[in-house]
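So the chains spell out like this:
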Amino acid sequence: MPRFIQRLYPERIWAFSRKKDSVYLTFDDGPIPEVTPWVLDELKKHNAKATFFCIGENVKKHPEIFRRIIAEGHSVGNHTFNHLNGWQTKTTQYIENVEKAEREMINNSKINSQQSTISNQPSLFRPPYGKITSKQAKILQKKGFKIVMWDIISYDYDATISEEKCLQNVLKNIKPGSVVVFHDSLKAEKNLRYVLPKVLDRIEEKGLSYKSIC
Ligand SMILES: [Zn+2]
């Protein structure tokens, strides 16, 4: 992500402290049965915690996978209900869609009809495609959402790049504090299945640890 864009929006989170030894892996667009449980299994092998920016529609379809993400100690964030592009969506409609996703996430995070385990935490939000207007961002921040961008994108969803290139995108650029974007989606599956196990091995060798965003 170019520095000047990061400087334009300092109130959004792009990365965390470079002085600590943590990196933040994030997975967008799930949960789906074809990919998300595999991601969770891989993370578990390394005792790695991550953050999942979920599409509300997918949470509604696969609540059991959503609950598994939470039960295994990862963070969840909101990625709108229908994966909307903020630049092409009216502000009221965009905000309503985010709130609809939030309700879906809170309702489905309840285990044994107890109180939601996520409703008392500040809500994380990542705009689909990274496209959100300043107005939309301001409203969401006022409602208590923390807007989480990234400093490293793996391009795992891009079928035109090789798996090895995708891996190098991550390994060459990752440093302490990095927020890395992956996708637990069908589009990204081929690259992700190659890249994620290797990233998990290599980063551990560098002495970095994986934290979820909270
Ligand atoms: Zn997305």
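Asks: Summarise the coordination of the zinc ion; cite the residues concerned and give the values.
Replies: The protein atoms donating to the zinc ion are D29 (OD), H79 (NE2) and H83 (NE2), with metal-donor distances spanning 2.1 Å. Site description for the zinc ion: donor spacing in sequence, D-x49-H-x3-H. In this structure, H79 and H83 share a single accessibility class: buried.

Asks: Summarise the nonpolar core; cite the residues concerned and give the values.
Replies: The biggest cluster of nonpolar side chains holds 36 residues, and the ones touching the most others in it are L25, F27, V39, L43, F52, F182 and L196. In terms of residue count, helix α8 (residues 189-205) provides more of this core than any other element does, six residues in total. W14, L84, A137 and M149 belong to the second largest nonpolar core, which has 21 residues in total.

Asks: Please set out the environment of R18 residue by residue, giving values where relevant.
Replies: Positionally, R18 belongs in the loop between α1 (3-8) and β1 (22-28). Residue classification places R18 among the partly exposed residues on the basis of a relative accessible area of 34%. Residues R18 and G177 lie 159 residues apart in sequence; the distance between their C-alpha atoms is 4.8 Å. Contact partners of R18, with chain neighbours within four places excluded, come to D151, K175, P176, G177 and S178. In terms of polar contacts, R18 uses its side chain to reach the side chain of S178, at 3.5 Å.

Asks: An account of the pairing of β1 is needed here, citing residue identities and associated values.
Replies: For β1, the buried fraction is high: seven of the seven residues fall into the buried class. Burial along β1 is two-sided: the residues S22, Y24, T26 and D28 and V23, L25 and F27 are all buried. For β1 and strand β8 (residues 209-210), the ladder comprises two bridges, and the chain directions are parallel. Considered in β8, the bridge of V23 is made with Y210. Note that β1 and strand β7 (residues 179-183) share five bridges and pair parallel. Within the sheet, the bridge partner assigned to Y24 lies in β7 and is V179. Note that β1 and strand β2 (residues 51-54) share three bridges and pair parallel. Pairing of F27 across the sheet is with F52, part of β2. With helix α2 (residues 36-45) bridging β1 and its parallel neighbour β2, the resulting β-α-β unit is right-handed.

Asks: With reference to specific residues and values, describe the pairing of strand β3 (residues 75-78).
Replies: Consecutive side chains of a regular strand alternate in pointing toward one face of the sheet and then the other. With burial as the criterion, each face of β3 is covered, one bearing S75 and G77 and the other bearing V76 and N78. Relative to β3, β2 runs parallel, the two sharing four bridges. Of the residues in β3, the one forming a bridge with F53 is G77.

Asks: Describe the packing of α2 against α8, with residues and values.
Replies: Angle between the axes and distance between the axes: these two values describe a pair of packed helices. Here α2 crosses α8 at 15°, and the two axes come no closer than 10 Å. In terms of orientation, α2 and α8 fall into the roughly parallel class. Crossing hand, α2 versus α8: right-handed. Packed against α2, whose contacting residues are W38, V39, E42 and L43, the element α8 presents L192, R193, L196, P197 and L200 at the interface.

Asks: Explain unusual backbone geometry to me, and be specific about the residues and the numbers.
Replies: Along the chain, G30 connects to P31 via a cis peptide bond; the corresponding omega equals -5°. You can see P31 is positioned in the loop between β1 and α2. In this model, T80 sits at a positive phi of 70°, which is unusual for a non-glycine residue. Turning to its location among the elements, T80 is positioned in the loop between β3 and α5 (91-108). Even without glycine at this site, H83 takes up a positive phi of about 55°. Secondary-structure assignment places H83 in the loop between β3 and α5. Here H83 falls in the buried class, since its relative accessible area comes to 18%.

Procedures and definitions
- Residues numbered from 1 in each chain as written.
- Predicted model: local features only at pLDDT ≥ 70, side-chain atom pairs only at ≥ 80, totals over all residues.
- Heavy atoms only, no water.
- Donors = N, O, S within 2.8 Å, 3.2 Å for Na, K, Ca; no water.
- Buried < 20%, exposed > 50% of the residue type's maximum accessible area, 1.4 Å probe, protein only.
- Core = buried A, V, L, I, M, F, W, Y, C linked by side-chain atoms within 4.5 Å.
- Helix = DSSP H or I, 4+ residues; strand = E, 2+ residues; numbered from the N terminus.
- Contact = heavy atoms within 4.5 Å.
- Polar contact = N/O pair within 3.5 Å; in protein donor to acceptor, adjacent residues only side chain to side chain.
- Pairing = 2+ DSSP bridges.
- Right-handed = clockwise from strand over helix to strand, strands pointing away.
- Axes fitted to C-alpha atoms, helices over the stretch in contact; angles between N-to-C directions.
- Parallel < 35°, antiparallel > 145°, perpendicular 65-115°, else oblique.
- Left-handed = near helix turned anticlockwise from the far one by under 90°.

In short, the description is geometric, and any link to function would need to be established separately.
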